[in-house]
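Remarks on the overall topology
Residue strings, one per chain:
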Amino acid sequence: MGLNFCMTCPECRRNITGADVRAERCDYCNTEICVPNSYHRWTDIPAYLVLALVAIKTFSPQFLEHTWLGTLWFWMLAVVVALVKLLISMFIPPKIQPKYVNEDITRLHLE
Ligand SMILES: [Zn+2]
C-alpha cells in the first residue's frame, strides 16, 4: 500500500473530502465511491494491537468487583480503538475506489 496523504476520486482524480466519502459519491463527477473493505481490515490490526496493550496495562481486578468501573474501563477501551483508527485514517487516508469494486467482492462471497 502506497502512502497518499489526500483522498482522490478514482474517476476524475480530484481531491475529495470526508463528507464525500460519507455520502459515498464524488461531488464533481457523481461517481459512487467507497472505502475498500481491505482498508478496514488493514486499520483493524494496529487498532486491536493497541487495544490489547492498553487492556493488559490498565486492567485491575477491581473492575470485576465494581460493575460501574468495569463498564467505564470497557468504554475507555472502545474510545482508544476509535482514536487509533481515526489517527491512522488521518495519516494514511484510504485509497478511494468506485463502489462496484466492493459490491463485486460481496457478490462473489454470496455465490
Ligand atoms: Zn470524481
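Anything mentioned here points back to the structure above.
This write-up is about the structure you can find in this document. Keep in mind that what you see is a predicted model, and the values were worked out from it rather than measured.

Rules used throughout
- Residues numbered from 1 in each chain as written.
- Predicted model: local features only at pLDDT ≥ 70, side-chain atom pairs only at ≥ 80, totals over all residues.
- Helix = DSSP H or I, 4+ residues; strand = E, 2+ residues; numbered from the N terminus.
- Buried ≥ 20, exposed ≤ 12 C-beta atoms within 10 Å, placed from the backbone.
- Contact = placed C-beta atoms within 7 Å.
- Core = buried A, V, L, I, M, F, W, Y, C linked by C-beta atoms within 7 Å.

Helices and strands together make up the secondary structure of the protein chain, namely five helices and two strands. Ordered by position in the sequence, the α and β elements of the protein chain form the string α-β-α-α-α-β-α. Across the 111 residues that make up the protein chain, the buried fraction comes to 5%. In the protein chain, once contacts between residues fewer than 6 apart in sequence are set aside, the share between residues at least 24 apart is 57%.

Turning to unusual backbone geometry, a few remarks are in order. Positive phi values are uncommon outside glycine, yet Glu24 reaches one of about 60°. Inspection of the secondary structure assignment puts Glu24 in the loop between helix H1 (18–23) and strand E1 (33–34). Classification of Glu24 by C-beta neighbours within 10 Å gives exposed; the count is 12. With a phi angle near 70°, Asn30 is a residue other than glycine that sits in the positive phi range. With respect to the secondary-structure elements, Asn30 resides in the loop between H1 and E1.

We now examine the nonpolar core. Counting five residues, the largest nonpolar core consists of Cys9, Ile16, Cys26, Ile33 and Ile96. With sequence-adjacent residues up to four places away left out, Cys9 is seen in contact with Arg14, Ile16, Cys26, Tyr28, Cys29, Thr31, Ile33 and Ile96.

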